Amino acid sequence: RYPLGQAYLESTVTRLGSKAKSRSGVIMRDRDFEANASILDVLMLPTGIPEDFRFAESVNFFIHVDYNYRMGEPALLGATSVDLGPYLPALIRNKKKYEDLKADKFGMDDPVPIPLIKMFKYQVGTMVKRSIEVDIERQIGPDINNRIDLNHGKVEEIVDENDLGNDHLDIKPLKVGYPEIVLTKKQEQMNELMAKLAEINLQMQILQAKIRKGFFDIFGAISEVMPDVALRLGLPESYEEPLLIELKNADDELAVSTESTAFIRKERGSTPDDLERTIFGSIFGEIAVHRGDSRESGVVSGESLRSNAIDVSYELNEGIGEREQIVAEKRLALLEGNRPVVGKIKARFDLIEMPTKNGLIDDADLQKARLASLRNFGRLFAPTEVVVRVYVLRGISLQQIDNCCNSYVVAKFFGGFPQHFTTKYNPVLNTDNPNYFVMFESRVKLPGGQLRLEVKDRQLPKQEIPIAYPWYVSGPDGTRFGMVQKDIPLDAGALGLGWSANIGDTEIDLDQRWYNPHWRQLKLTPVEARSLWLSDSINVRGKLELFIDMIEAVDYDARPLSFKPAKIRAPEKKRFMMRVVVFKVMDAYLPYMKSQDPNKMANFYVQLQVGNREDDIRKTDICKFSSDGKGQWNWRTSWWLELPDTEIKPRLKISVFDDTSMGFGQDDMCATADIKLRSLFDELLEHNEPILKKRQWIILGHPNYPQIDTKVEIAIEILPEESVALKKCGYGVDSWKLNQDEDYILPHPFRPVQFSLYNPAPFINYQIMAAVNNIQWQLATYLLPFPFLPMVLQFVWMTPWWWYGMGGVAGLIIFLRVFLLEMA
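Residues numbered from 1 in each chain as written. Predicted model: local features only at pLDDT ≥ 70, side-chain atom pairs only at ≥ 80, totals over all residues. Heavy atoms only, no water.

**Q** Any chance you could explain the overall build of the chain here in plain terms?
**A** Per the secondary structure count, the chain includes 18 helices and 39 strands. Split into buried and exposed, the 824 residues of the chain put 38% on the buried side. Intrachain contacts of the chain at a sequence separation of at least 6 include 71% that bridge at least 24 residues. Of the roughly 49,600 Å² that the chain leaves accessible, carbon and sulfur atoms contribute 55%. (Helix = DSSP H or I, 4+ residues; strand = E, 2+ residues; numbered from the N terminus. Buried < 20%, exposed > 50% of the residue type's maximum accessible area, 1.4 Å probe, protein only. Contact = heavy atoms within 4.5 Å. Areas by Shrake-Rupley, 256 points an atom, 1.4 Å probe, with all protein chains shown as cover.)

**Q** I'm lost on empty space enclosed by the protein in this one. Help?
**A** Taking a probe equal in size to a water molecule and rolling it over the atoms shows the remaining empty space. Counted according to the given criterion, the structure contains one cavity of 30 Å³ or more. Volume-wise, the largest cavity comes out at about 50 Å³. If you trace the largest cavity, you find it lined by L275, E276, I279, Q512, R513, N516 and W519. Across the lining of the largest cavity, the residue classes tally to three nonpolar, two polar and two charged. (1 Å grid on protein atoms, 1.4 Å probe; cavity = no way out; pocket = protein on both sides within 12 Å on 5 of 7 lines; lining within 4 Å. Points joined across faces, edges and corners; volume = space filled by probe spheres on them. Nonpolar A, V, L, I, M, F, W, Y, C, P; charged D, E, K, R; others polar.)

**Q** Explain the packing of aromatic side chains here, please?
**A** We describe a pair of aromatic rings using the distance from one ring centre to the other and the angle between the two ring planes. Overall, the coordinates contain twelve aromatic pairs when judged by the stated rule. Considering the side-chain rings of W635 and W736, the 6.4 Å spacing of their centres and the 75 degrees angle between planes classify their relative orientation as edge-to-face. Of this pair, W635 sits in strand β35 (residues 631-643) while W736 sits in the loop between α15 (721-724) and α16 (761-782); the two residues are 101 residues apart in sequence, bridging distant segments of the chain. As far as the burial class goes, W635 and W736 line up, both buried. Each residue in the set F106, F284, F377, F381 and Y515 is aromatic and connected to the rest through ring pairs, giving one cluster. One Lys or Arg, K21, reaches over the ring of Y8 and ends 4.4 Å from the middle of that ring. One cation-aromatic arrangement involves R520 over W514; the distance from NZ or CZ to the ring centre is 3.9 Å. (Phe/Tyr/Trp six-rings, centres within 6.5 Å; stacked < 30°, edge-to-face > 60°. Lys NZ or Arg CZ within 6 Å of the ring centre and 35° of its normal.)

**Q** How should I be thinking about helix α9 (residues 363-380) in this particular structure?
**A** When the terminal C-alpha atoms of α9 are compared, their 26 Å separation across 18 residues agrees well with the 26 Å that a helix rising 1.5 Å per residue should span. Buried within α9 are the following residues: D365, L366, A369, A372, S373, L374, N376 and F377. Contacts from the buried residues of α9 go to β18 (360-361). (Expected span 1.5 Å × (residues − 1).)

**Q** Got a minute to help me understand the environment of G281 in this structure?
**A** Locating G281 in the fold gives a position in the loop between β13 (270-271) and β14 (285-290). Along the sequence, G281 and H518 sit 237 residues apart, while their C-alpha atoms lie 6.0 Å from each other. When near neighbours in sequence (up to four residues on either side) are disregarded, G281 contacts N516, P517 and H518.

**Q** It is not clear to me how the nonpolar core should be interpreted in this structure. Could you clarify?
**A** Within soluble globular proteins, side chains that are nonpolar tend to cluster in buried spots. Among the nonpolar cores identified, the biggest contains 53 residues, and V388, F413, L451, L453 and M550 are the most heavily contacted of them. Of all the secondary-structure elements, those providing two or more residues to this core are α2 (114-119), α9, β19 (384-396), β20 (407-414), β23 (435-446), β24 (450-459), β27 (499-509) and β30 (543-552). Sorting elements by how many residues they give to this core places α9 first, with five residues. When near neighbours in sequence (up to four residues on either side) are disregarded, L453 contacts V390, V392, V409, V410, A411, G504, D505, T506, I508, L544 and L546. Grouped together as the second largest cluster of nonpolar side chains are 45 residues, W633, L643, L700 and I718 included. (Core = buried A, V, L, I, M, F, W, Y, C linked by side-chain atoms within 4.5 Å.)

Pasting the structure below:
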């Protein structure tokens, strides 16, 4: 960057007439129409504090610039006025004394609020800001992520519990450095009683959990041996969560299977937005600077904003900038009216209690205070060089320009060298959720350093060129000489030809981080998801996930091996096979409800889909001639999965259809349900071990018929790629064959048969077997109270009867449960 001239600041107080002028700073150009100037000065302005803050003074700032290419007096670039009234309560609360200016650190020693301590990874010894939450911490004890010693107001080092044995488990609750509360004897006894009751409550919960687990173990054994009996009795299959129920707070947890940065965010901490919205403890504030002119406010027509209606001839003749930039600048000025924003001042206000003589501040004391502040200010904020490393991890929901998104990243460091980085020649193709995992490093001068990250879409044109040439052509009449028609693909993108369109950009003020005590005390800088914007749009264009490290160049040059770059890389994709077995369907009554034919017979099949891609749809064969809403398949199907995958939606969609179109149209959907698979996918990636969900019933519904309560019985197995070939497994109709591993052999489905006069035997056999199965259930149900009969006989002979009574009571309970389930 080349210097454009000098800039200085002039400040006044409204009523007292106090005036101060800063030293000059060099204007360094960033880009067309934008430049920075580092002034680094302390101004002292005497002011009074009224009893009513509404009548507080205003501080006025005037920016004067002296350009190298202009002759004459410095020009007034802009001005602004700050009403001190809203800031006085905080300024008085943090008021400084004249004697303390020699040790003033200008807020760089501010403590860190407890919410930030819990959210991010801070260094050992970080000072903690006390607040109302401290009292809560005193009651509930230490946090599991960061142990905070509030007696000293510092973060203690976290010790791995696995290295300590069991002696460390007796952790005393934290105490705040307040005066200790003296309790009466009655209060102490009450506290002891409450502690004992809490312990009893905890033991009761543990006992209930053990009893509940025992019951579920029994239910699981019954479900494994006799799944139909378990279904009839309404017993849950096992203690594990049903497939249709997502884990609690799953949306708040890290999705390892669908998010490539989950492990990094877990290690470093993260925020779902710009980091400035979370860590806002910069010691400097930003004040907008305005420039008054004769333009009218709020009366701008759309016609006057068109690019051809804005006169830019003077600027183009003078070579000030490109046409598009000049038009954008003038259009912005028209929209902002008669007080356009022309820049900003980074400043900090401190209130200092000065000694007075006859109610006035001595100029000598004011100069001494300024020199003392300047000495500390120069020590803390001297121009410095830092090594900035930007780790760009991925893009999220980028707004693509064309039908496919081939995005890349451009990094521009203002005040740094190297200044420009790009991944233009290595774009991530065909995805709007790209994984970049790149690092850019530059040496930046502070203050005044900025970083702009741009995400662009690389358009790589492809075209097919039709050609024709004479040659032998094969046809129904044999081979003859003729013209051959062909399309030759021309991939201009592969030859390096193409163009780029801007998706969006984000700007990061490096001063706001380096001069922020909450950021400087971080042990690991968190991952942030920054929004991408365009200058002519108010809509977010996507997000860019990244984190930034900043190292003082002096320390880096002295010990470069101590500051190695963080290891980032896209997680390695692993292949898994997901197998689903569809056993049977019950209560699929929708075809009979919609039909007026009392002899209606449905032809059911089940459709399964992983995610949203049509290529991942699987169908069973058709179970024909169902007159009672039941169907049986014993059908296995499979998918290959590559995880983690940002494109796949982690769900299994199950739908039951009635084949009404005979393959020539759209079939009628009878019921549908979604099974959430994210927790299963996350477990796969973390442990890389097979997962088996035993056969269980899933309840399906219909969006237009809330009374539909169809059930489908399925089982799910997910295997790592290396485990797939260990056992032979068949799919579809091969699921019933005997030439596979015995663990995977499925029985032939028991299906209805259509009546035929030519061969009625299959229909009769099916009816007999179905009747026998139904009679078995009814007989088993009604014989359950049978033990009461021997009890009556035992009464006659006066022999022990309680065994029969207990059996009768158990049978009666089971009978009533089955009866109530049937009624429901």
